[in-house]
Amino acid sequence: MPKFASFTVAPSLPKRLAFLEAIARNMMWSWNHDAIELFRRIDREKWEEVNHNPVQLLGIIAQERFDVLSKNDSFLSHLDRVSEYFTSYLNGPTWFQKNYKEDNPDMLIAYFSMEYGINECLPVYSGGLGVLSGDHLKSASDLGLPLVGVGLLYQEGYFQQYLNIDGWQQESYPINDFYNLPLTQVLDSDGMSLKISVQINNHPVYARIWKIQIGRIPLFLLDSNIPENSREDQDITDKLYGGDSNMRIKQEILLGIGGIRALYAMGLYPTVCHMNEGHSAFQVLERNRQLMQRMKIPYKIAAQATGGGNVFTTHTPVPAGFDVFSEEQIRYYFMEYAQELGLKIETLLKLGRGTVDGRSTGFNMAILAATHSPMINGVSKLHSQTSRKIFKNAFGSIPEEEIFITSISNGVHFPSWISQDTAQLFDRYLGTLWKEQPEDQSVWERVYEIPSEEIWRTHERRRERLIAFVRRKMYYQLLQRGASKSDLDSANEILSPDALTIGFARRFATYKRANLILHDPARLKKMILERDKPVQFIFAGKAHPHDNAGKEFIKQIVNFARDYDLRRYIVFMEDYNMNLARYMLQGVDVWLNTPRRPLEASGTSGMKAVPNGILNMSTLDGWWNEGFDHNVGWAIGSGEEYNDTVYQDEVEASAIYKLLENEIIPTFYTRGRDGLPRQWIDMMKHSMAKLGPTFNTHRMVMEYFERFYLKAHQRLMFLQKNDLQQAHELSKWKDKIRDNWEGLAILRVTTNSTEHLKVGNKLKIQAEINFGLLDPDDLNVEVYFGQLDSNDTIRVGDTMSMQLIQKNSESVGLYEALLPCKKSGRIGFTVRVIPDVQRLTVKHEMLLIKWADWAKQQ
């Protein structure tokens, strides 16, 4: 084929409609129901055909239609209303401006993620991680944070799913047409496409930069599919999570190293870099390299100067979820780069080498991220505990509960997931604060003022719309599979708009156990076919293309649904995406979640059900472990963990059936004289009032800002002021500590008595410390204490500082503490020494700790 010159043609909008283009190019339309309805009014059928892509919609509408709309007073009034809202939103005061901007004028947060789920028209996401990233950016926009997103732009994105006649998942990869998506290319000063390069396989790989505007927040995505690259290098941004580990390391080099270079090329210099999972951890190396070159300093000074500005969020509850590359791969891809860092390749390898969950790994991206980030979090309280267990060996002899992995529980962006009907109901009774300040408990208390009749009628409308949507989509699915005419006709009769409807939709990973509900088919069938109290199920979700076990789960559900008696009551919806998710999360009655505890880091789909009044039924894992109480939903089990998974499935499937038979079905179908399920509606209100203020991304992003971003920014500014003076001094002090740590010794620990102590008494503990070549001011001496278990182990310890009461010589001092006896029982204690915490970002940043040797004490 010959090569062609190219040019881009934009729609020719009448002047009166010109602002439509601006609205289409800013993804804030996707969480504004009024803007969505505006595009729908242009052409409802075509709006669905283009998968809710307003840029493509404007490009295919006939000029005559625009001419008609430009003279339609109703449409113009609607356009003006949306335009006024957009202008007010983008230019109005924000939470950050009111509270923090004046004291932090130079703050810039760069948020790195492998995927972003903004809307179904931008298919560059696969599941929960991407949707969380998108919701994070949306709330950052609402709050006015100085934040930019960084990611990759995939030509094929994640796959589209369809099932063959046997119910087996198949994958297709439609090509994304970037020029018909809500994207714009970033241009250089000459008006040409701005490009950056990274070294991969000892040659440069180039990438251009695209921008998606998400309210106030720009999201920058790198695209290697350009003529300057070989076919092999063009494929780096071909598929999300596609290819082998060599493809993955190339993608992560481009994301981390290329991401920093892209920001710098645009004149953006982040003070805080947030790694959403370890995929982007190579950014810490590039950030250091850039500072080394600019300031002519060695790597260790650069690492000290930038390290305080890194934040790492882990989403992985199992070690197998971390990206690990072989040492051979690191040598191959990073030999020259290590030289640029002034490091031997063995030194670079150590940065990602470690022991996770008791097992040695190769080059672990999570280890690289964690050892360069003083601020680390899991995404639920339970997940942070699991993460501390996983990383325990990587943090030396630090007690598990003191490992600096805290929790910031996930949330969701309510305006993106709430139905228009419910949003309007909230506007009437809660005002607009449910959108502007969803973290405010007092706002959600107003839910109790909404008449039960209105809540229920609103919910019933959403269920009816869900059923109508499912019937249309099922007809199309069956048609694509080559179904018979009778099967096609039956699509119009599946599901009832009045029956108890249970939804299950998520990634079909095996630990999520989508088929658990099928454990006792006869018992389930009996429930479903109860004439007066029927139950129906809607399933959706994708298995990874290489996960045959997950595909088998899908096939089991599809085949079960083919039972002649059940075909009207169970459906599996193909090609799960954000649009299907919204319909389900706004229209089902119960959201079912069955992960094998503790393998669900958080799970956010159930959070999206909350503002819609959908009740959750889930195992006590992830977010539900902290969100559940008996007034807001149902728990499967009591938080047990099992070694025998076969037995676990049997027990928990039985628990699901019992909940359905004894609680859920009776509560749903118990109606008053007015036909309302009063107890069910009360639970809907309790769920919204209790869970709404907590499990939203406004609360989450505010927590990231106040606990992490602000501190990281201030720490970085402190270390880099006066030409990095503080970074130089801190690095020199750390070298002194490390060089002389082995000379430090706890010579003796004594007490006044450990006999006959009572609550209220104090135990005097003294410790004689040999500082060696260190100074007392370099150190903190502490008592570590807590209740002993049956194995004479302190499971959860506490600390108390010891005071230097005398120096016995230049290098020996006597420390003392009076330990109060607050609880009865067996108490254990010991003495330890750590580096002075006042100089560090977090207490155990240096991973150095000296414990008293009790064998020598005796």
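Look a little higher up for the structure.
Residues numbered from 1 in each chain as written. Predicted model: local features only at pLDDT ≥ 70, side-chain atom pairs only at ≥ 80, totals over all residues. Heavy atoms only, no water.

Novice: Before we move on, can you summarise the environment of Ile-517 with the specific residues and values?
Specialist: Following the sequence through the fold, Ile-517 ends up in the loop between β17 (500-505) and α23 (521-528). Between the C-alpha atoms of Ile-517 and Ile-656, which are 139 residues apart in sequence, the distance is 7.4 Å. For Ile-517, the residues in contact, after removing those within four places along its chain, are Leu-524, Phe-537, Phe-539, Leu-592, Ile-656, Tyr-657 and Leu-660. (Helix = DSSP H or I, 4+ residues; strand = E, 2+ residues; numbered from the N terminus. Contact = heavy atoms within 4.5 Å.)

Novice: I'd like a rundown of helix α16 (residues 381-391), residues and numbers included.
Specialist: Across the eleven residues of α16, eight count as buried, placing the element largely inside the fold. Along α16, the residues that are buried comprise Leu-382, His-383, Ser-384, Thr-386, Ser-387, Arg-388, Ile-390 and Phe-391. Of the surrounding secondary structure, the elements contacted by the buried residues of α16 are β12 (355-356), α15 (365-371), β15 (375-378), β16 (405-407) and α27 (624-627). (Buried < 20%, exposed > 50% of the residue type's maximum accessible area, 1.4 Å probe, protein only.)

Novice: Requested: an account of the packing of helix α21 (residues 452-480) against helix α25 (residues 578-587), with residues and values cited.
Specialist: Two packed helices can be described by the angle between their axes and the distance between those axes. Two elements in contact, α21 and α25, have axes whose closest approach is 8 Å; the angle formed by their N-to-C orientations is 140°. As summarised for this structure, α21 and α25 are arranged oblique, according to the angle between their axes. Between α21 and α25 the crossing geometry is left-handed. Between α21 and α25, the contacting residues are His-459, Arg-462, Arg-463, Arg-465, Leu-466, Phe-469, Arg-472 and Lys-473 on the first element and Asn-579, Leu-580, Tyr-583, Met-584, Gln-586 and Gly-587 on the second. Residues that form the contact of α21 with α25 fall into these classes: five nonpolar, four polar and five charged. (Axes fitted to C-alpha atoms, helices over the stretch in contact; angles between N-to-C directions. Parallel < 35°, antiparallel > 145°, perpendicular 65-115°, else oblique. Left-handed = near helix turned anticlockwise from the far one by under 90°. Nonpolar A, V, L, I, M, F, W, Y, C, P; charged D, E, K, R; others polar.)

Novice: Quick one: what's the story with the sheet that holds strand β29 (residues 827-835), residue by residue and with numbers?
Specialist: Read across the open sheet, the four strands follow the order β26-β25-β29-β30; overall the sheet is antiparallel. At either end of the open sheet lies a strand with only one pairing partner, and these are β26 (798-801) and β30 (850-851). As paired strands, strand β25 (residues 779-787) and β26 are joined by four bridges and run antiparallel to one another. Note that in β26 the partner of Glu-782 across the bridge is Ser-801. (Pairing = 2+ DSSP bridges.)

Novice: Run through the pairing of strand β8 (residues 217-223), naming residues and quoting values.
Specialist: The buried fraction of β8 amounts to seven of the seven residues, a majority that puts the element mostly inside the structure. Residues Ile-217, Leu-219, Leu-221 and Asp-223 line one face of β8 and the alternating positions Pro-218, Phe-220 and Leu-222 line the opposite face, and both faces are buried. Where strand β2 (residues 147-152) and β8 come together, four bridges link them in parallel fashion. If you follow Leu-152 over to β8, its bridge partner there is Leu-222. Here strand β7 (residues 203-214) runs beside β8; their pairing, made up of seven bridges, is antiparallel. For Ile-212, the partnering residue across the bridge sits in β8 and is Leu-219. Taking the residues between adjacent antiparallel strands as the criterion, β7 and β8 are bridged by two residues, where Gly-215 takes a positive phi near 65°.

Novice: A description of the sheet that holds strand β22 (residues 633-636) should follow, citing residues and the corresponding values.
Specialist: Within the open sheet, the six strands sit side by side as β19-β18-β17-β20-β21-β22. Their pairing is parallel. Of all strands in the sheet, those with a lone pairing partner are β19 (570-573) and β22, marking the two edges. On average, each strand axis in the sheet is inclined to that of its neighbour by 20°, with strand direction left out of account.

Novice: So what about the side chain of Glu-37? Which residues, and what values?
Specialist: In this fold, Glu-37 is placed in helix α2 (residues 33-42). Judged by relative accessible area, Glu-37 falls into the buried class, the value being 18%. Side chain to side chain, Glu-37 and Arg-40 meet in a polar contact 2.7 Å long. Not counting the four nearest positions on each side in its chain, Glu-37 is found in contact with Arg-44 and His-78. (Polar contact = N/O pair within 3.5 Å; in protein donor to acceptor, adjacent residues only side chain to side chain.)

Novice: Give me the lowdown on the nonpolar core, citing residues and values where you can.
Specialist: Counting residues in each nonpolar core, the largest one holds 177 residues, and the members touching the most others are Leu-145, Phe-334 and Tyr-709. At 15 residues, helix α30 (residues 697-740) tops the list of elements feeding residues into this core. Here Tyr-709 is in contact with Met-107, Ile-109, Tyr-111, His-136, Leu-145, Leu-147, Val-272, His-274, Val-311 and Tyr-704, once residues within four sequence places are set aside. The next biggest cluster of nonpolar side chains, apart from the first, holds 100 residues, and it includes Val-447, Ile-494, Ala-543 and Val-571. (Core = buried A, V, L, I, M, F, W, Y, C linked by side-chain atoms within 4.5 Å.)

Novice: Quick one: what's the story with helix α6 (residues 73-91), residue by residue and with numbers?
Specialist: For α6, which comprises 19 residues, the first-to-last C-alpha distance of 27 Å matches the rise-based estimate of 27 Å (1.5 Å per residue) to within 8%. Within α6 the residues assigned to the buried category are Phe-75, Leu-76, His-78, Leu-79, Val-82, Ser-83, Phe-86 and Tyr-89. Within α6, the buried residues cover an arc of 155° as seen down the axis, which keeps them to one side. In α6, those exposed residues whose orientation departs by more than 90 degrees from the buried face are Asp-73, Glu-84 and Asn-91. Those residues of α6 hidden inside the fold are in contact with α1 (19-24), α2, α5 (63-69) and α8 (128-143). For α6, the side-chain oxygen to backbone nitrogen distance between the N-cap and Ser-74 is 3.0 Å, and the N-cap itself is Asn-72. (Expected span 1.5 Å × (residues − 1). Arc of directions from axis to C-beta.)

Novice: Talk me through the pattern of salt bridges; I want residue IDs and the actual numbers.
Specialist: By the definition in use, this model includes 60 salt bridges. Notably, a salt bridge pairs Asp-778 with Arg-839, separated by 3.6 Å at the nearest N-O pair. Here Asp-778, found in the loop between β24 (762-770) and β25, pairs with Arg-839, found in the loop between β29 and β30; they are 61 residues apart in sequence, far enough to count as distant. Salt bridges linked by common partners bring Lys-736, Asp-775, Asp-778, Asp-836 and Arg-839 together as one network. (Salt bridge = Lys/Arg side-chain N within 4 Å of Asp/Glu carboxyl O.)

Novice: Requested: an account of the packing of aromatic side chains, with residues and values cited.
Specialist: Evaluated as defined, the whole model comprises 42 aromatic pairs. Plain terms: the ring middles of Phe-322 and Phe-391 are 5.4 Å apart, the flat faces sit at 50° to each other, and that makes the pair tilted. Residue Phe-322 is found in the loop between β10 (310-313) and β11 (324-325), and its partner Phe-391 is found in helix α16; the two are separated by 69 residues along the sequence. As far as burial versus exposure is concerned, Phe-322 and Phe-391 are alike and both buried. Ring centres of Tyr-642 and Tyr-647 lie 6.0 Å apart, and the angle between their planes is 65°; this geometry places the pair in the edge-to-face category. (Phe/Tyr/Trp six-rings, centres within 6.5 Å; stacked < 30°, edge-to-face > 60°.)

Novice: Let's hear about unusual backbone geometry: which residues, and what values?
Specialist: Residue Arg-597 is joined to Pro-598 through a cis peptide bond whose omega torsion reads 5°. You will see that Asn-51, though not glycine, has its phi angle at about 60°, which is positive. Mapped onto the fold, Asn-51 is located in the loop between α3 (44-49) and α4 (54-60). The exposure class assigned to Asn-51 is partly exposed, which follows from its relative accessible area of 33%. Despite not being glycine, Asp-723 shows a phi value in the positive range, around 55°. Among the structural elements, Asp-723 can be located in helix α30. By relative accessible area, Asp-723 is classed as exposed at 61%.

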